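Architecture and fold: a report
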Amino acid sequence: MTTSTASRNIRFILAGLTAVAPFSIDTYFPSFLAIGEAFHVGTVELQQTLSLFLLALAVMALFHGALSDSFGRRRVILVTLALYTVASFGCVFAPSFGTLLVLRTAQGLAAGAGMIVGQAIIRDRFTGMEAHKMMAQVTMLFGLAPAVAPVLGGYLHVWFGWQSVFVFLGLMGLTMFLLCRAYLTESLPVEQRQEFHPATLTRNYLEICGDPRFILLALSMGLSFGGFILYIASAPDIVVHIFKLKETQFAWLFIPVVIGMVSGSWFTSRSAGKASSGQLVRRGYVLMSVAAALNVGYTAFFEPQVPWAVLPLLIYVMGITSLSPSLNILALDLFPEKRGMAASLLNFVQLMIFSVLSAVVSPMVYSDALGHALAMAALLLLSLSCWMLYRVFRALAAAKAPGQPAEKTADAA
């Protein structure tokens, strides 16, 4: 197998692994009401199928990377894919709503491994400009998931019923398991692995969490994603109640998101090596600021109508794809010997933000288009504040250790 072919295989495999979690979230949205009718539960109970999934995803995010640092990237991915596949098929035959919640929780425990361990694999195999390009290309391919998932889920629901959604998720898990077993090679040599011991884990977690630069980068990325993740978490309400569309018309919300993600990732990939990390981050914040201002202005004076109501989302997501690869690499490069654990903590912060948005913020702005827009703007301002604080702490660290190369590979901000 040639180097280019192997690189292409890795890119598509990592994109597929990263897409498992968003497919698990978005594909069943069109079936929300039908699941409620099948198990005789209301909207509040149905929200638990998302909240528990996200909580499990966030908690297990703390361990996927650490496990891969100790036992290898490939083994962790294969085991979690097997668990995910079993849980997904189990949802098809769930005899009660309680059982469905347990199986959704099991899905959440396993679904994030590919997303987290995949980031560590990229940094294991690629450096510098290549790492930026690979991260952006995987993001571009991953960007198809949020648009394809609810549209596919809507048609599966209409044609075959809500159980078919979980049949599809099970088949996706099985397919990824077989592809990874055949083509994914181990990227972490045995001699570079960390001891899996509670004391070692605690010490390493405290070391990473004790670095304010890492925490601020994680918050910057998580809060910036939060601006549009709020719309994903509220998708059934936005599509049906705010846009007044049908179950098969989720594409009106998700396709602009995908266009922004794919085009933004392509542009960022092309910019790697030509623009510094700092320039890419600044470009991202400019785009997101324009999008947030347009969103607030439009929803303040007009009743939301597609396609105008979703154009700010397209621009906002383009901004995210400009800054997120740089923020990700900056954070991982702070701890080059603990990339798996650092990736775990990065994703834990993002998933906890997602969980809070889903469980707390989304109900607060339910059926309120302006409320969604203002929440997006507030999250963006918080993200930008964290980025500015990160620059202060980075300057302080550089002053204390002028020869420190910790951020050399990614930044000229």
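Residues numbered from 1 in each chain as written. Predicted model: local features only at pLDDT ≥ 70, side-chain atom pairs only at ≥ 80, totals over all residues. Heavy atoms only, no water.

**Details of the packing of helix α3 (residues 43–71) against helix α5 (residues 97–111)**
As a reminder of what qualifies: Helix axes are fitted to C-alpha atoms over the stretch in contact, other axes to C-alpha atoms as well, and angles between N-to-C directions run from 0 to 180 degrees. Runs of E in the DSSP output that reach at least two residues are strands. Runs of H or I that reach at least four are helices, and both are numbered from the N terminus. Working definition: roughly parallel below 35 degrees, roughly antiparallel above 145 degrees, roughly perpendicular at 65 to 115 degrees, and oblique for all remaining angles. Throughout, a crossing is termed right-handed when the near helix is turned clockwise from the far one, and left-handed when it is turned anticlockwise from it by less than a right angle. Here a residue-residue contact requires only that any non-hydrogen atoms of the pair lie within 4.5 Å. Throughout this entry, Asp, Glu, Lys and Arg are counted as charged residues, while Ala, Val, Leu, Ile, Met, Phe, Trp, Tyr, Cys and Pro are counted as nonpolar. The remaining residues, Gly among them, count as polar.
Viewed as axis vectors pointing N to C, α3 and α5 meet at an angle of 30 degrees, and their least axial separation amounts to 7 Å. In terms of axis orientation, α3 runs roughly parallel to α5. When you trace α3 past α5, the crossing you get is right-handed. Only Phe97, Leu100, Leu101, Arg104, Thr105, Gln107, Gly108, Leu109, Ala110 and Ala111 of α5 make contact with α3, whose side of the interface consists of Glu45, Leu46, Gln48, Thr49, Leu50, Leu52, Phe53, Ala56, Leu57, Met60 and His64. Taken together, the residues of the contact of α3 with α5 break down into 13 nonpolar, six polar and two charged.

**Thoughts on the confidence of the model for the protein**
Put simply, the rule is: A score between 0 and 100, pLDDT records how confident the predictor is in each residue.
Looking at the protein as a whole, its pLDDT mean stands at 83, while 90% of the residues score no less than 70. Residue range residues 405–412 is modelled with pLDDT below 50. Its contacts to residues more than four positions away, or to other chains, number 23 contacts.

**Digging into the nonpolar core**
Using the following cut-off: Here, the term nonpolar core denotes a set of buried Ala, Val, Leu, Ile, Met, Phe, Trp, Tyr and Cys residues that are joined through side-chain atoms within 4.5 Å. Buried residues are those whose accessible area, probed at 1.4 Å on protein chains only, stays under 20% of the maximum for their type, while exposed residues exceed 50% and partly exposed ones sit between those limits.
Formed by 126 residues in total, the largest nonpolar core has its most connected members in Phe29, Cys180, Phe214, Phe228 and Leu253. Leave out the neighbours within four places in its chain, and Phe29 touches Leu50, Ile232, Ala235, Pro236, Phe250 and Phe254.

**Some points on unusual backbone geometry**
Note: most peptide bonds trans; most residues except glycine with negative phi. In this model, Val306 is joined to Pro307 through a cis peptide bond whose omega is 10 degrees. In this fold, Pro307 is placed in the loop between α14 (277–301) and α15 (311–332). Here the phi dihedral of Lys244 falls at roughly 55 degrees; this positive angle occurs in a residue that is not glycine. Tracing the backbone shows Lys244 in the loop between α12 (235–242) and α13 (251–271).

**Quick word on the packing of aromatic side chains**
Worth spelling out the cut-off: Only centres within 6.5 Å qualify two rings of Phe, Tyr or Trp (six-membered ring in Trp) as a pair; their planes then separate them into stacked at under 30 degrees, edge-to-face at over 60, and tilted for everything else. Consider the ring centre and the ring normal. A charge sits over the ring if Lys NZ or Arg CZ is within 6 Å of that centre and within 35 degrees of that normal.
Tallied over the entire structure, the rule returns twelve aromatic pairs. Ring centres of Tyr155 and Trp159 lie 5.4 Å apart, and the angle between their planes is 40 degrees; this geometry places the pair in the tilted category. One end of the pair, Tyr155, and the other, Trp159, are both in helix α8 (residues 144–160), four residues apart, so they sit about a helical turn from each other. Taking the relative accessible area as the measure of exposure, Tyr155 reaches 35% and is therefore partly exposed. Residue classification places Trp159 among the exposed residues on the basis of a relative accessible area of 60%. The structure contains a cluster of three or more aromatic residues connected by ring pairs, namely Tyr28, Phe32, Phe39, Phe97, Trp162 and Phe166. A cation sits over an aromatic face here: Arg104 above Tyr28, 4.3 Å from the ring centre.

**Points about the environment of Val296**
Residue position: Val296 is located in helix α14. Its relative accessible area of 21% is what places Val296 among the partly exposed residues. Sequence separation between Val296 and Ile232 is 64 residues, and the spatial gap between their C-alpha atoms is 18 Å. Setting aside anything within four residues of it in sequence, one finds Val296 in contact with Leu370, Ala373, Leu374 and Ala377.

**Examining the pattern of salt bridges**
The condition that has to hold: What counts as a salt bridge is simple: a side-chain nitrogen of Lys or Arg found within 4 Å of a carboxyl oxygen of Asp or Glu.
Counted by the stated rule, this structure contains two salt bridges. One salt bridge connects Asp69 with Arg73, and the closest N-O pair in it is separated by 2.7 Å. Here Arg213 makes a salt bridge to Asp211, at a shortest N to O gap of 2.7 Å. Exposure remark for Arg213: the relative accessible area of 14% places this residue in the buried category. Taking relative accessible area as the criterion, Asp211 reaches 11% and is therefore assigned buried.

**A few points about the environment of Ser355**
Within the element layout of this structure, Ser355 appears in helix α16 (residues 339–364). Considering only alpha carbons, one finds Ser355 and Ser220, 135 residues apart in sequence, at a separation of 16 Å. Excluding its chain neighbours within four sequence positions, the residues that come into contact with Ser355 are Leu54, Leu55 and Ala58.

**Quick look at α15**
Let me state the cut-off plainly: Each residue after the first adds 1.5 Å to the expected span of a helix. One axis fitted to the seven residues ending at a residue, another fitted to the seven starting there: the angle between these axes is the bend at that residue.
Compared with the 32 Å implied by 1.5 Å per residue over 22 residues, the 32 Å span of α15 between its first and last C-alpha is a close match. Its axis deflected by about 30 degrees at Leu323, α15 carries its strongest bend there, up to four residues before the proline Pro325. Taking burial as the measure, the 22 residues of α15 include 19 buried ones, the bulk of the element.

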